[in-house]
Every structure is written in C-alpha cells, then in structure tokens.
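# Summary of structural features
Here are the chains, one letter per residue:
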Amino acid sequence: MTRGELIEQIKKKRSFLCIGLDPDLNKIPEHLLKEEDPIFEFNKAIIDATKDLAVAYKPNIAFYECHGARGWESLKKTLDYIPEDIFTIADAKRGDIGNTSRYYAETFFNYLKADSVTVAPYMGSDSVLPFLEFENKWVVLLALTSNEGAKDFQMIESIDGEKLFQRVLKCSQEWGTPENMMFVVGATRMEHIAEVRHIAKDYFFLVPGVGAQGGSLEEVVRYGWNKDCGLLVNSSRGIIYAGKGANFSNQVREAAKKLQQEMAEILREKKFV
Ligand code: OMP
C-alpha cells in the first residue's frame with residue numbers, strides 16, 4: 001500500500017485506528033477453543049466486526065510463533081483474510097546482518113504479504129536497508145518504545161547531548177523516506193513525542209500504548225499530529241479482549257467504535273475530513 005492510499009483510507013473511514021491482533025489462548029472466548037484453528041477463528045471474528053473501523057491491523061508474531069507450525073498457519077490465514085485496502089503490520093521487530101535481513105524481508109513481504117514489518121535499528125544501516133528494497137512495502141522502525149525499559153538505551157545521551165532515539169530518527173531518514181518508513185513512538189512517552197515529530201516532520205508514526213498501557217489519544221494527537229494526520233494509533237488488548245462469551249465480537253466492535261468515533265471527531269476538528 002502506498003502512503004497516498006493509506007491517507008485515503010484514513011479519510012474514507014474517518015479513522016487512524018490500528019487493531020493489534022495478539023491472540024492469547026488463555027484469554028480468547030472458550031467456545032472458540034473447540035474450533036480446529038481457534039486463533040484464526042478469533043481473529044476472523046474481530047476482523048469481521050471491525051474492518052470498517054480500522055485502517056490497519058497489527059498481528060504481533062510472538063503470539064503465533066509460540067505455537068510452532070500451526071501458529072504460522074494461523075498467521076498466514078489471518079493476513080490473507082484481511083481486506084486488501086487495510087494496511088497490515090507484521091510486528092516482528094527483526095533486523096540482522098544484511099543477507100539475513102533480506103530473508104526476513106522475504107518472509108514478511110513475499111510469503112506473508114504484509115505491507116510492513118517492525119524493525120529494530122540496533123544493528124544499523126545494513127540491517128534495515130534490505131527491508132527498504134521492496135516496492136510499496138514499509139519499514140516500521142522502533143524509535144521510542146512504550147515500555148519501561150525504553151530508558152535503558154533509547155534515552156542515553158551522547159557527549160553533545162543527543163539522545164540515542166534522536167540519533168536513530170535522524171540517521172534512518174538517510175535510509176528511508178516518508179513513503180516507505182514509519183517510526184514506532186509509544187503513547188506512554190508524551191513528554192518526547194513532540195520532539196520526535198520535530199525531527200521527523202513528514203513521517204507516519206505507529207503509536208502503541210493506548211488502552212491497556214494507559215496512553216491518551218488526545219495527547220498523542222496534540223503532540224504527534226502532522227498535516228497528513230501522520231498517526232496510526234494501535235490498541236491490542238483494549239479492543240480484542242473487550243468481549244466475553246459467544247457474542248464477544250459485539251463488545252469488540254463497541255470498543256473499536258469508541259476509539260474510531262473519538263478519531264472521527266479529531267479529524268473533523270482538524271478539518272482533515
Ligand atoms: P496493548 O498494550 O495490548 O495495546 O498491545 C500493544 C502492542 O504494541 C503489542 O503487540 C506490543 O508488542 C506492541 N508495542 C508496544 O506495546 N510498545 C512499543 O513500543 C512497540 C510496540 C510495537 O512495535 O508494536
């Protein structure tokens with residue numbers, strides 16, 4: 001998917017919602033456990049209930065890989081099931097020496113056919129560049145993450161006062177462009193999101209941390225908005241586990257709709273739609 005197509009979807013759906021598909025067999029409704037592929041059935045119900053509200057889905061690979069070959073099968077079926085006009089993010093946080101990264105990229109782009117993959121910048125340019133060689137595919141690069149441990153390395157300052165995440169943001173703009181790279185910026189790091197926007201003006205941010213991790217949509221928009229919206233706000237547990245029992249997908253839809261309506265209001269206020 002191109003950047004223009006993504007912006008078109010945001011306008012059309014009046015939403016910049018990304019739903020995280022992080023299925024946990026201990027949390028999904030019990031009746032699904034009888035199905036041959038409970039994870040796929042769970043995801044399918046969520047996609048059916050929310051596909052008019054979300055502009056992106058983000059399956060986190062950990063929740064599939066832990067089930068071995070069956071998990072990969074569920075992941076592939078899930079990605080194949082997501083409608084073409086919805087942006088897909090394979091949340092795998094990969095990155096390795098060049099030739100290895102190339103095969104990671106083939107896995108997520110050619111085999112799974114995801115639009116994008118999350119990549120860790122730690123190993124530097126040759127670990128990221130192979131992901132950027134695929135037409136209409138995206139790197140979602142970790143810049144400033146939402147977890148507590150983000151401060152351990154990402155906040156380290158060099159002698160001239162530049163923090164590591166700032167260096168990542170500046171340096172990586174020599175590798176990718178706003179057409180094929182986004183940055184992960186956690187919704188729990190509000191004190192820095194404006195700084196990130198200042199360094200990466202035209203880029204989309206994937207913002208996880210709203211919902212279960214306590215981040216605020218309003219603040220994300222206040223500090224992270226750009227002229228093209230520039231935001232994909234993710235919620236995983238806050239949406240996918242909103243419902244219980246046989247009709248769980250009704251409550252899932254309600255939870256997604258609540259966020260989408262807040263987004264629609266913001267887009268209207270910003271005169272974006
Ligand atoms: P919830 O906290 O359940 O909404 O899930 C957040 C999702 O975003 C999980 O799949 C995390 O792995 C992912 N995530 C973060 O929570 N923080 C980050 O800084 C980066 C990510 C990510 O790359 O998506």
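We now turn to the structure provided with this report. Residue indices follow the written sequence of each chain, beginning from 1 at its first position. Under the rules for a predicted model, residues below a pLDDT of 70 receive no local features and side-chain atom pairs below 80 are neither given nor counted, while totals for whole chains, interfaces and linings still include all residues. The side-chain figures draw on all heavy atoms in the structure; neither hydrogens nor water molecules are used.

## Brief notes about the environment of Asp 91
Quick note on the threshold: Helix and strand labels come from DSSP, where a helix needs a run of H or I of at least four residues and a strand needs a run of E of at least two; each type is numbered from the N terminus. Three exposure classes are used, based on accessible area relative to the maximum for each residue type with a 1.4 Å probe and protein chains only: buried under 20%, partly exposed in between, and exposed over 50%. Contacts are residue-level and defined by heavy atoms, with any inter-residue pair within 4.5 Å sufficient. Any N or O atom pair separated by 3.5 Å or less is treated as a polar contact, with the protein-specific requirement of one donor-capable and one acceptor-capable atom, and with residues adjacent in sequence counted only for side-chain atom pairs.
With respect to the helices and strands, the residue Asp 91 is situated in strand S3 (residues 87-94). Overall, the relative accessible area of 4% leaves Asp 91 in the buried class. Separated by 25 residues in sequence, Asp 91 and Ser 116 have C-alpha atoms that sit 8.4 Å apart. With residues near it in sequence (within four places) discarded, Asp 91 still touches Lys 58, Pro 59, Asn 60, Ile 61 and Thr 118. A polar side-chain atom of Asp 91 sits 2.7 Å from a polar atom in the side chain of Lys 58.

## Details of the packing of helix H2 (residues 38-50) against helix H4 (residues 68-81)
Note the following rule: Axis lines are fitted to C-alpha atoms, over the contacting stretch for helices. Their N-to-C directions set the angle, which ranges from 0 to 180 degrees. Roughly parallel means an angle under 35 degrees; roughly antiparallel means over 145; roughly perpendicular covers 65 to 115; every other angle is labelled oblique. Should the near helix be turned counterclockwise from the far one by less than a right angle, the crossing is left-handed, whereas a clockwise turn marks it as right-handed. Residues are sorted three ways: Asp, Glu, Lys and Arg are charged, Ala, Val, Leu, Ile, Met, Phe, Trp, Tyr, Cys and Pro are nonpolar, and all the rest, Gly among them, are polar.
The interhelical angle for the contact between H2 and H4, taken along N-to-C directions, is 20°, at an axis separation of 9 Å. Classified by the angle their axes make, H2 and H4 are roughly parallel. In terms of crossing hand, the pair formed by H2 and H4 is right-handed. Here H2 contributes Pro 38, Ile 39, Phe 40, Asn 43, Lys 44, Ile 47 and Asp 48 to the contact with H4, which in turn contributes Arg 70, Ser 74, Lys 77, Thr 78 and Tyr 81. Considering only residue class, the contact of H2 with H4 consists of five nonpolar, three polar and four charged.

## Details of unusual backbone geometry
Most peptide bonds are trans, and most residues other than glycine sit at a negative phi. Even without being glycine, Asn 136 reaches a positive phi, approximately 60°. Within the secondary structure layout, Asn 136 lies in the loop between helix H6 (125-128) and strand S5 (138-144). Not every positive phi belongs to a glycine, and Lys 271 is a case in point at roughly 60°. Counting through the fold element by element, Lys 271 comes out in the segment after helix H12 (248-269). By relative accessible area, Lys 271 is classed as exposed at 72%.

## Focus on the nonpolar core
A general trend in soluble globular proteins is that nonpolar side chains are found buried together. What counts is decided by this rule: We call a set of buried Ala, Val, Leu, Ile, Met, Phe, Trp, Tyr and Cys residues a nonpolar core when their side-chain atoms join them within 4.5 Å.
In this structure, Phe 16, Ile 19, Phe 183, Phe 205, Leu 231 and Leu 232 are the most contacted members of the largest nonpolar core, which totals 90 residues. Tallying contributions element by element places H12 first for this core, with eight residues. Not counting the four nearest positions on each side in its chain, Ile 19 is found in contact with Ile 46, Thr 50, Ala 54, Ala 56, Tyr 57, Lys 58, Asn 234, Ser 235, Ile 239, Ile 240 and Ala 256.

## Overview of the environment of Gly 214
In this fold, Gly 214 is placed in the loop between strand S7 (204-208) and helix H10 (217-224). Overall, the relative accessible area of 59% leaves Gly 214 in the exposed class. Put simply, Gly 214 and Gly 238 are 24 residues apart on the chain and 9.8 Å apart in space, counted from C-alpha to C-alpha.

## Focus: the packing of H2 against H12
Where H2 contacts H12, the axes come no closer than 9 Å and their chain directions differ by 50°. Considering the angle they form, H2 stands oblique to H12. The handedness of the crossing between H2 and H12 comes out as right-handed. The segment H2 lies against H12, with Phe 42, Ala 45, Ile 46, Ala 49 and Thr 50 engaging Phe 248, Ser 249, Val 252, Arg 253 and Ala 256. Considered class by class, the residues forming the contact of H2 with H12 number seven nonpolar, two polar and one charged.

## Some points on the pairing of strand S6 (residues 181-185)
The side chains of a regular strand alternate between both faces of the sheet. Definition in use: When DSSP finds two or more bridges between two strands, those strands count as paired. Handedness of a crossover is defined as follows: with both strands directed away from the viewer, a clockwise route from the first strand across the helix to the second makes it right-handed.
The buried count for S6 comes to five of five residues, which makes it a mostly enclosed element. Side chains of S6 alternate between two faces, with Met 181, Phe 183 and Val 185 and Met 182 and Val 184 buried alike. Taken together, the five bridges between S5 and S6 define a ladder with parallel strand orientation. Within the sheet, the bridge partner assigned to Val 139 lies in S6 and is Met 181. Following the backbone out of S6, through helix H9 (residues 190-199) and into the adjacent parallel S7, one traces a crossover that is right-handed.

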